[in-house]
Amino acid sequence: MATQRKHLVKDFNPYITCYICKGYLIKPTTVTECLHTFCKTCIVQHFEDSNDCPRCGNQVHETNPLEMLRLDNTLEEIIFKLVPGLREQLERESEFWKKNKPQENGQDDTSKADKPKVDEEGDENEDDKDYHRSDPQIAICLDCLRNNGQSGDNVVKGLMKKFIRCSTRVTVGTIKKFLSLKLKLPSSYELDVLCNGEIMGKDHTMEFIYMTRWRLRGENFRCLNCSASQVCSQDGPLYQSYPMVLQYRPRIDFG
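The following paragraphs examine the structure supplied in this document. (Residues numbered from 1 in each chain as written. Predicted model: local features only at pLDDT ≥ 70, side-chain atom pairs only at ≥ 80, totals over all residues. Heavy atoms only, no water.)

Here we come to the overall build of the protein chain. Broken down by element type, the protein chain carries eight helices and ten strands. In the protein chain, buried positions account for 29% of the 255 residues. The contacts of the protein chain with a sequence gap of at least 6 include a subset with a gap of at least 24, amounting to 54%. (Helix = DSSP H or I, 4+ residues; strand = E, 2+ residues; numbered from the N terminus. Buried < 20%, exposed > 50% of the residue type's maximum accessible area, 1.4 Å probe, protein only. Contact = heavy atoms within 4.5 Å.)

Spatially, five strands are ordered β5-β4-β10-β6-β7 in an open sheet, and the strand pairing comes out mixed. Either end of the sheet is taken by a strand with one partner, and the two such strands are β5 (163–167) and β7 (198–199). Across four bridges, the pairing between strand β6 (residues 191–195) and strand β10 (residues 244–250) is antiparallel. The residue bridging Asp-192 from the neighbouring strand is Arg-249, located in β10. Contacting β4 (137–144), β5, β6 and β10, helix α7 (residues 172–183) crosses the sheet at an angle of about 125 degrees to β6. The strands touched by helix α8 (residues 206–214) within the sheet are β4, β5, β6, β7 and β10, with β10 carrying the most contacts at an inclination of about 105 degrees. (Pairing = 2+ DSSP bridges. Axes fitted to C-alpha atoms, helices over the stretch in contact; angles between N-to-C directions.)

On to the nonpolar core. If you look at the biggest cluster of nonpolar residues, it comprises 25 residues, and the most contacted ones within it are Ile-140, Leu-142, Met-206, Met-244 and Leu-246. Going through the elements one at a time, β4, β5, α7, β6, α8 and β10 are the ones with two or more residues in this core. Setting aside anything within four residues of it in sequence, one finds Met-206 in contact with Ile-138, Ile-140, Cys-166, Ser-167, Thr-168, Val-170, Thr-171, Val-172, Ile-175, Met-244 and Leu-246. Counting 19 residues, the second-largest nonpolar core is a separate cluster that includes Cys-42, Val-60, Leu-75 and Val-83. (Core = buried A, V, L, I, M, F, W, Y, C linked by side-chain atoms within 4.5 Å.)

Opposite charge on two side chains allows them to pair when their charged atoms are near. By the definition in use, this model includes six salt bridges. For the salt bridge of Arg-251 with Glu-190, the shortest nitrogen-to-oxygen distance reads 2.2 Å. Taken as a pair, Arg-251 in the segment after β10 and Glu-190 in the loop between α7 and β6 lie far apart in primary sequence, 61 residues in all. Classification of Arg-251 as exposed rests on a relative accessible area of 51%. (Salt bridge = Lys/Arg side-chain N within 4 Å of Asp/Glu carboxyl O.)

Empty space within the largest pocket amounts to approximately 260 Å³. Lining of the largest pocket is provided by twelve residues; of these, Glu-62, Thr-63, Glu-207, Tyr-210 and Met-211 occupy positions nearest its centre. For the lining of the largest pocket, the leading source of residues is α8, giving three residues. Considered class by class, the residues forming the lining of the largest pocket number five nonpolar, five polar and two charged. Within this model, the second largest pocket holds a volume of roughly 200 Å³. Lining the second largest pocket are Ile-26, Lys-27, Glu-76, Phe-80, Arg-87, Leu-90, Glu-91, Glu-93 and Ser-94. Put simply, the parts of the chain that give the lining of the second largest pocket at least two residues each are α3 (73–82) and α4 (86–104). Sorting elements by how many residues they give to the lining of the second largest pocket places α4 first, with five residues. In terms of residue class, the lining of the second largest pocket is built from three nonpolar, one polar and five charged. (1 Å grid on protein atoms, 1.4 Å probe; cavity = no way out; pocket = protein on both sides within 12 Å on 5 of 7 lines; lining within 4 Å. Points joined across faces, edges and corners; volume = space filled by probe spheres on them. Nonpolar A, V, L, I, M, F, W, Y, C, P; charged D, E, K, R; others polar.)

Okay, structure coming up:
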């Protein structure tokens, strides 16, 4: 009978240690773009200064790389089984901070328990009142698309202030509601929202439209030297025109 080979924990170190802190992975978190895994605390702190993966250097996300992180619970369980006493050590550390943090902050342990439920609900409501201001923001120009002779042109007019700034998670449906309120349209009145002449679906987010319709379109680039579109005599570097332009018009029923 062949003897079974024994593996040491150090044999697995390349797979269970963090590239940033060089310690065992604590709350292993994977970057979905490149599938590299780091400690949760390490990668979150890294993304405060950079949008690139610290291991391969690839850009994870243009604006919010934290959205591309996923906890790897399976790997965490494997590490706990491989490294003796690691789970117990983390549990003791967690218990220590639970007991000592309120005292350091000058808080009484009973103060939290004595708080009425109404206050807790109030705190949750306060968090909900952020209105997505902490989200990545995008500037948009809402331009009225006028077609001669089209029914509804008299109702749909241009906005006095057509430039807005909103969350990249805002959908086309929300933009339509905003336009209906600003233009004082009847609730039954429907609009089309277009980008580069293509009608956008109501569930499309501003980030999705920017990445798939606006950013990749050549006409949206200008020369830094003369502001000419795409090709110019000065052959200067190109920059992307800003903000993103969305057009709106009365809905056309093609049926």
